[in-house]
Amino acid sequence: SQTIHQWPATLVQPVGSPLSLECTVEGTSNPNLYWYRQAAGRGLQLLFYSVGIGQISSEVPQNLSASRPQDRQFILSSKKLLLSDSGFYLCACVRSSGLNYEQYFGPGTRLTVT
Amino acid sequence: RKEVEQDPGPFNVPEGATVAFNCTYSNSASQSFFWYRQDCRKEPKLLMSVYSSGNEDGRFTAQLNRASQYISLLIRDSKLSDSATYLCVGFGGGKLIFGQGTELSVKP
């Protein structure tokens, strides 16, 4: 079975500082990978998705970026954090098999920008 | 209009009650649907997948009505441990589209 690792689990960063969140996946190959953000009391917002190494699609304009340097590694970054970047960041992996799709989420990173 | 819409609740029900959540979607091309459960400050976990007209797993039943573009989740004999937020999700075009979630609180 596949496992998604995210780190760090929690992070407190000042406004204007850089950010790097990492997601790695075990137990599958060539997965579709996703970054979501969940602000307090709100639903999940899709930020980026990737169907392969070096392939990134951005869903919303923002000061965040994503990279996929390896098949099972997905990184979320920012050069300068804003207060509005606070939230719960979740990495997800979708593995398709025929007509069935199985989705898994990592444990998430809770980011507080102060 | 949001692509996936849910009543945010909260639904406050006594133990043993039957509760139903509805979810509507706007994209008729959506291929599959899912119900996730999310506990407070935790990641969403897949509860049930709906690929055809419905699915049943123990006390949980999901139904899909493509003509009316809605999905439902029925929980029978609700337990205290069922208290959580339930997320309705559509899958299409390689992406998951999440509803905002419905909060359920089961009371003793």
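You'll find the structure just up there.
Calculation notes
Residues numbered from 1 in each chain as written. Chains lettered and ligands numbered in written order. Predicted model: local features only at pLDDT ≥ 70, side-chain atom pairs only at ≥ 80, totals over all residues. Heavy atoms only, no water. Pairing = 2+ DSSP bridges. Helix = DSSP H or I, 4+ residues; strand = E, 2+ residues; numbered from the N terminus. Axes fitted to C-alpha atoms, helices over the stretch in contact; angles between N-to-C directions. Contact = heavy atoms within 4.5 Å. Buried area = accessible area lost by both parts, 1.4 Å probe. Salt bridge = Lys/Arg side-chain N within 4 Å of Asp/Glu carboxyl O. Polar contact = N/O pair within 3.5 Å; in protein donor to acceptor, adjacent residues only side chain to side chain. Nonpolar A, V, L, I, M, F, W, Y, C, P; charged D, E, K, R; others polar.

Engineer: Any chance you could explain the sheet that holds strand 1 (residues 3-7) of chain A here in plain terms?
Structural biologist: Either a parallel or an antiparallel arrangement is found when strands of a sheet pair, and the pairing is made through backbone hydrogen bonds. All names here are of chain A. Strand order in the open sheet made by the four strands is 1-3-8-7, with antiparallel pairing throughout. Sheet topology places strand 1 and strand 7 (64-70) at the edges, where each strand pairs with a single neighbour. Taking each pair of neighbouring strands and ignoring which way they run, the sheet shows an average axis angle of 20°. As paired elements, strand 3 (residues 19-26) and strand 8 (residues 73-78) share six bridges and run antiparallel to each other.

Engineer: Which parts of the structure should I look at to understand the interface of chain B and chain A?
Structural biologist: Taken together, the contact pairs 18 residues of chain B with 21 residues of chain A. A buried area of about 1,600 Å², summed over both sides, lies between chain B and chain A, and 55% of it is on carbon and sulfur atoms. Counting the contacts that link chain B with chain A gives zero salt bridges. One can count two residue pairs in polar contact (both at pLDDT 80 or more) joining chain B with chain A. When residues in the side of chain B that touches chain A are grouped by element, the largest group, four residues, is from strand 4 (residues 32-38) of chain B. When grouped by side-chain class, the residues that make up the side of chain B that touches chain A number nine nonpolar, five polar and four charged.

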